[in-house]
Amino acid sequence: MKNPIDENNGLIIITGLPRTGSTFLQTLLSLDPNARTTRTWEMWYPVPPATGIDNSNHPNLKSMQKDINSVDTICPKYMDTLKKVHYFAAEAPEEDTLFMYHVPWRWNFALFIMNTPLANW
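As the structure is a prediction and not an experimental result, all values here were calculated from the model.

Caption draft 1: Quick look at the overall build of the protein. Within the protein, the regular secondary structure consists of six helices and zero strands. Walking the protein from its N terminus toward its C terminus, one meets helices and strands in the order α-α-α-α-α-α. When each of the 121 residues of the protein is scored for burial, the buried share is 22%. If you take every contact in the protein between residues at least 6 apart in sequence, the share linking residues at least 24 apart comes to 48%. Surface exposure of the protein reaches about 9,300 Å², of which carbon and sulfur atoms provide 62%.

Caption draft 2: Looking closely at helix H1 (residues 22-30). When H1 is considered as a whole, its buried residues turn out to be Ser22, Gln26 and Ser30. Buried residues of H1 fall within an arc of 75 degrees about the axis and therefore sit on the same side.

Caption draft 3: Geometry of the side chain of Ser22. With respect to the helices, strands and loops of the structure, Ser22 is situated in helix H1. If we skip the residues at most four places from it in the chain, Ser22 touches Ile14, Thr15, Gly16 and Leu17.

Caption draft 4: Representation of the side chain of His58 in the model. As for its placement among the helices and strands, His58 is situated in the loop between helix H2 (40-44) and helix H3 (59-74). Those residues in contact with His58 that sit more than four places away from it in its chain are Trp41, Pro48, Pro49 and Ala50.

Caption draft 5: Seen up close, unusual backbone geometry. That bond from Val47 to Pro48 is cis: its omega, -5 degrees, falls within 30 degrees of zero. Take Pro48: it is sitting in the loop between H2 and H3.

Caption draft 6: Structural view of a nonpolar patch on the surface. Together, Ile12, Phe24, Leu25, Leu28, Leu29 and Leu31 give the surface a local cluster of nonpolar side chains, amounting to about 640 Å² of exposed area. Relative to the elements of secondary structure, Ile12 occurs in the segment before H1. Judged by its relative accessible area of 63%, Ile12 is exposed.

Caption draft 7: Layout of the nonpolar core. Residues Trp41, Leu61, Met64, Ile68, Met79, Phe88 and Ala90 constitute the largest nonpolar core, which totals seven residues. Here this core takes three residues from H3, the largest share from any one element. If sequence neighbours within four positions are ignored, Leu61 has contacts with Trp41, Asn55, Ser56, Ala90 and Glu91.

Reading guide: rules and limits
- Residues numbered from 1 in each chain as written.
- Predicted model: local features only at pLDDT ≥ 70, side-chain atom pairs only at ≥ 80, totals over all residues.
- Heavy atoms only, no water.
- Helix = DSSP H or I, 4+ residues; strand = E, 2+ residues; numbered from the N terminus.
- Buried < 20%, exposed > 50% of the residue type's maximum accessible area, 1.4 Å probe, protein only.
- Contact = heavy atoms within 4.5 Å.
- Areas by Shrake-Rupley, 256 points an atom, 1.4 Å probe, with all protein chains shown as cover.
- Arc of directions from axis to C-beta.
- Patch = residues over 30% accessible without salt bridge, like charges linked within 9 Å, V, L, I, M, F, W, Y side chains within 5 Å.
- Salt bridge = Lys/Arg side-chain N within 4 Å of Asp/Glu carboxyl O.
- Core = buried A, V, L, I, M, F, W, Y, C linked by side-chain atoms within 4.5 Å.

Shown next as structure tokens:
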């Protein structure tokens, strides 16, 4: 990253319905060396937060990598299948829906657990 994160940096909020390209746009914008976006491990393990530019040894990053590896142990080939639709890795950019994954009123709970018209669609 060329410029440090400070109060002078702009904030961009990307919104979109599922399958409209908002995740692709976020990932594309995250390739800018002056941009900063949340990573998968930061959404899954937000505390303690990332600090500085290099977080390659952050304990939460290592925990997320371990979690991803354990998914493959329990459900072989699942991550390969997931990555065909949505690239998923501990250090990959991730949208904020993952941040809400731990709460029971999250969107995917309503879509896949409850029998809603949108889930049937």
